[in-house]
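Now for the letters of each chain:
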Amino acid sequence: MTRTLHVSLGERAYDVVIGPGILARAGAEILPFLKRRRVAIVTDETVWAAHGDTLQAAMSAEGISTDIIRLPPGEETKSFASLEEVSDRLLALELDRGDLILAFGGGVIGDLAGFAAAIYKRGADFVQIPTTLLAQVDSSVGGKTAIDTPRGKNLIGAFHQPKRVLADTDLLSSLPDREVRAGFAEVIKYGLLGDRDFFDWLEVHTQAVLSRDPEALARAVARSVEMKAEIVVEDEKEAGRRALLNLGHTFGHALEVECGFGETLRHGEAVALGCAMAFRFSAHLGLCSGQDAHRVEAAIAGAGLPTRLADLDHPGFSTPALVRQMGQDKKAEGGRLTFILARAIGDAMVVRDVNPETLTQFLKTEGAT
Ligand code: NAD
Ligand code: GLY
């Protein structure tokens, strides 16, 4: 069954269409946004090999011509070099500002292609066709686009909302189990930050979602998108409540940088470990109960995700390096350390001005040196 959720952002409003079989009708879904029947598709090689034929056929069915920009898979692709390559290819194709760009892939492609669209001739329209669980529940919705630099994640980017999001849950059948688990971390995040009932449901249905049971998957994706849409509508540019979506990210991003954005730690895994750490830090500060922190850790571990630094294949983390990274986080203002912490499961809050000494002490209890 298809569900359509609306992101009501005035003139930037759009629909998120969720369900099985949507890719096959992608041509019809994008027709309202085309000034002429031509699109550029930005994708990665793995996604294109698995699902490119279906997208190509969907475009041909509506007489839409396509140019394909294929990039290597992986976080390394969210770089200045790839941004230059995509921008140059779009220019070489002589795409107009009115032509549509399709971001067809996971969060890496969505963030990169979205950013390329944001700056192409000062702003071109784009549509997100997310192909990972993480991208369907989080990165394709809300208009955050960015690339990484060796100095940190997502530090160069723009807010640029898509014209439509087409989340075909059938595409997740080809996704490796590790990537499904990584996406599940962002799903748990929604329960942790604002919906205890959803967290309770996820605890019981973890294996159903991971094994891609259609009903469980549909509910997990739809509830996540619903929560994200509601928060984005209230606070599009992250002046306040949207920061809650970064639960687990201050720890997670610092760990990702230290691990070198590679295979050691996928983004979703970093978020999972970051959420477990955020709840333990909240308990350490006396904000939430140790019982809640234990329950969060058990739920995350139950999904086969890391909850402790020792779970990572890494020789060891230096406390000063982690604290320095956390000071670079986009939420930090005037060098003040900022975290999303929690009073309880389902009740997250922004905490500014965290004392570096307290953080250092906590990181040492976590096993950093
Ligand atoms: P990803 O895009 O690297 O995809 C993971 C892997 O799965 C890749 O190897 C890809 O080729 C493969 N893949 C994708 N779809 C597939 C499919 N259907 N079948 C088989 N293989 C498939 O990673 P991701 O986890 O989707 O996204 C992570 C990125 O998202 C990070 O860079 C993170 O910063 C970003 N992100 C952005 C936001 C946002 O709001 N913009 C939110 C969360 C995360
Ligand atoms: N993923 C965090 C946000 O979209 O705000």
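This text follows the structure it describes.
Summarised in this report is the structure supplied together with it. Values in this document were obtained by computation on a predicted structure and should not be read as measured data.

## A closer look at the layout of surface pockets
Then, number 1: Looking at the second largest pocket, its volume works out to about 270 Å³.
Then, number 2: Breaking the lining of the second largest pocket down by element, the ones donating at least two residues are β2 (14–19) and α8 (214–234).
Then, number 3: Sort the elements by how many residues they give to the lining of the second largest pocket and α8 lands first, with four residues.
Then, number 4: Grouping the constituent residues of the lining of the second largest pocket by class yields eight nonpolar, four polar and three charged.

## Quick notes on the side chain of Gln128
Then, number 1: Here Gln128 is to be found in strand β6 (residues 126–130).
Then, number 2: Residue class for Gln128 comes out buried when judged on its relative accessible area of 4%.
Then, number 3: Dropping the residues within four chain positions of it, Gln128 is found in contact with Ala103, Gly110, Ser139, Ser140, Pro162, Arg164, Val165 and Leu166.

## Here we look at the site of ligand 1
Then, number 1: Around ligand 1, the structure places 28 residues, and the nearest of them are Asp44, Glu75, Thr131, Thr132 and Ser174.
Then, number 2: Here an oxygen atom of ligand 1 and a side-chain polar atom of Asp44 are 2.7 Å apart.
Then, number 3: A distance of 2.7 Å is found between a nitrogen atom of ligand 1 and a side-chain nitrogen or oxygen belonging to Ser174.
Then, number 4: Here ligand 1, which alone exposes 870 Å², has 93% of that area covered by the protein.
Then, number 5: Of all elements in the fold, only α2 (45–61), α4 (107–119), α5 (133–139), β8 (152–159) and α6 (177–194) reach the threshold of two or more residues within the shell around ligand 1.

## Focus: the environment of Phe126
Then, number 1: Along the chain, Phe126 turns up in strand β6.
Then, number 2: Residues Phe126 and Asp15, spaced 111 residues apart in sequence, show a C-alpha to C-alpha distance of 13 Å.
Then, number 3: Not counting the four nearest positions on each side in its chain, Phe126 is found in contact with Leu100, Ile101, Ala103, Gly110, Gly114, Ala117, Thr145, His160, Gln161, Pro162, Lys163 and Arg164.

## Observations concerning the site of ligand 2
Then, number 1: In the vicinity of ligand 2, the contacting residues are Asp138, Lys144, Lys228, Glu238, Arg242, Leu245 and Asn246.
Then, number 2: One of the side-chain N or O atoms of Asp138 is found 3.2 Å from a nitrogen atom in ligand 2.
Then, number 3: Between an oxygen atom of ligand 2 and a side-chain N or O atom of Lys228, the distance comes to 2.6 Å.
Then, number 4: Burial of ligand 2 by the protein chains amounts to 90% of its free accessible area of 200 Å².
Then, number 5: Split by residue class, the shell around ligand 2 holds one nonpolar, one polar and five charged.

## A short note on a nonpolar patch on the surface
Then, number 1: A cluster of nonpolar side chains, contributed by Phe80, Leu155 and Ile156, occupies part of the molecular surface with about 240 Å² of accessible area.
Then, number 2: Owing to a relative accessible area of 31%, Ile156 belongs among the partly exposed residues under this scheme.

## Here we look at the pattern of salt bridges
Then, number 1: In total, this model carries 35 salt bridges according to the counting rule given.
Then, number 2: The salt bridge involving Asp96 is made with Arg36; its shortest N-O contact spans 3.6 Å. Placement of the pair is Asp96 in the loop between α3 (80–92) and β5 (100–105) and Arg36 in the loop between α1 (26–30) and β3 (38–44), with a sequence separation of 60 residues.
Then, number 3: Classification of Arg36 by relative accessible area gives partly exposed; the value is 35%.
Then, number 4: With a shortest N-O distance of 3.6 Å, Glu263 and Arg178 are connected by a salt bridge. Of this pair, Glu263 sits in the loop between α9 (249–259) and α10 (267–284) while Arg178 sits in helix α6, placing them 85 residues apart in sequence.
Then, number 5: For Glu263, a relative accessible area of 59% corresponds to the exposed category.
Then, number 6: Salt bridges linked by common partners bring Glu75, Lys78, Asp111, Asp148, Lys153 and Glu256 together as one network.

## Regarding the environment of Pro356
Then, number 1: Along the chain, the position of Pro356 falls in helix α13 (residues 356–365).
Then, number 2: Taking the C-alpha atoms as reference points, Pro356 and Ala40, 316 residues apart in sequence, are found 47 Å from one another.

## A look at the packing of α10 against α13
When two helices pack together, their arrangement is given by the angle between their axes and by how far apart the axes lie.
Then, number 1: With their axes 11 Å apart at the nearest point, α10 and α13 run at an angle of 120 degrees to one another. Remark: the crossing between α10 and α13 carries right-handed chirality. Of α13, the residues touching α10 (which contributes Met277, Arg280, Phe281 and His284) are Thr358, Leu359, Gln361, Phe362 and Leu363.
Then, number 2: Of the residues that constitute the contact of α10 with α13, the class distribution is five nonpolar, three polar and one charged.

## Some remarks on α2
Then, number 1: Its 17 residues give α2 an end-to-end C-alpha distance of 23 Å, which sits within 8% of 24 Å, the value for a rise of 1.5 Å per residue.
Then, number 2: Within α2, the axis deviates most sharply at His51, by approximately 65 degrees.
Then, number 3: Between the side-chain oxygen of the N-cap and the backbone nitrogen of Thr46 there are 3.0 Å, and the N-cap of α2 in question is Asp44.
Then, number 4: Downstream of α2 by a residue or two, Gly63 has a phi angle that is positive, lying close to 70 degrees.

About the cut-offs
- Residues numbered from 1 in each chain as written.
- Chains lettered and ligands numbered in written order.
- Predicted model: local features only at pLDDT ≥ 70, side-chain atom pairs only at ≥ 80, totals over all residues.
- Heavy atoms only, no water.
- 1 Å grid on protein atoms, 1.4 Å probe; cavity = no way out; pocket = protein on both sides within 12 Å on 5 of 7 lines; lining within 4 Å.
- Points joined across faces, edges and corners; volume = space filled by probe spheres on them.
- Helix = DSSP H or I, 4+ residues; strand = E, 2+ residues; numbered from the N terminus.
- Nonpolar A, V, L, I, M, F, W, Y, C, P; charged D, E, K, R; others polar.
- Buried < 20%, exposed > 50% of the residue type's maximum accessible area, 1.4 Å probe, protein only.
- Contact = heavy atoms within 4.5 Å.
- Near = heavy atom within 4 Å.
- Polar contact = N/O pair within 3.5 Å; in protein donor to acceptor, adjacent residues only side chain to side chain.
- Areas by Shrake-Rupley, 256 points an atom, 1.4 Å probe, with all protein chains shown as cover.
- Patch = residues over 30% accessible without salt bridge, like charges linked within 9 Å, V, L, I, M, F, W, Y side chains within 5 Å.
- Salt bridge = Lys/Arg side-chain N within 4 Å of Asp/Glu carboxyl O.
- Axes fitted to C-alpha atoms, helices over the stretch in contact; angles between N-to-C directions.
- Left-handed = near helix turned anticlockwise from the far one by under 90°.
- Expected span 1.5 Å × (residues − 1).
- Bend = angle between axes of the 7 residues up to and from the residue.

In short, geometric facts, not functional conclusions.
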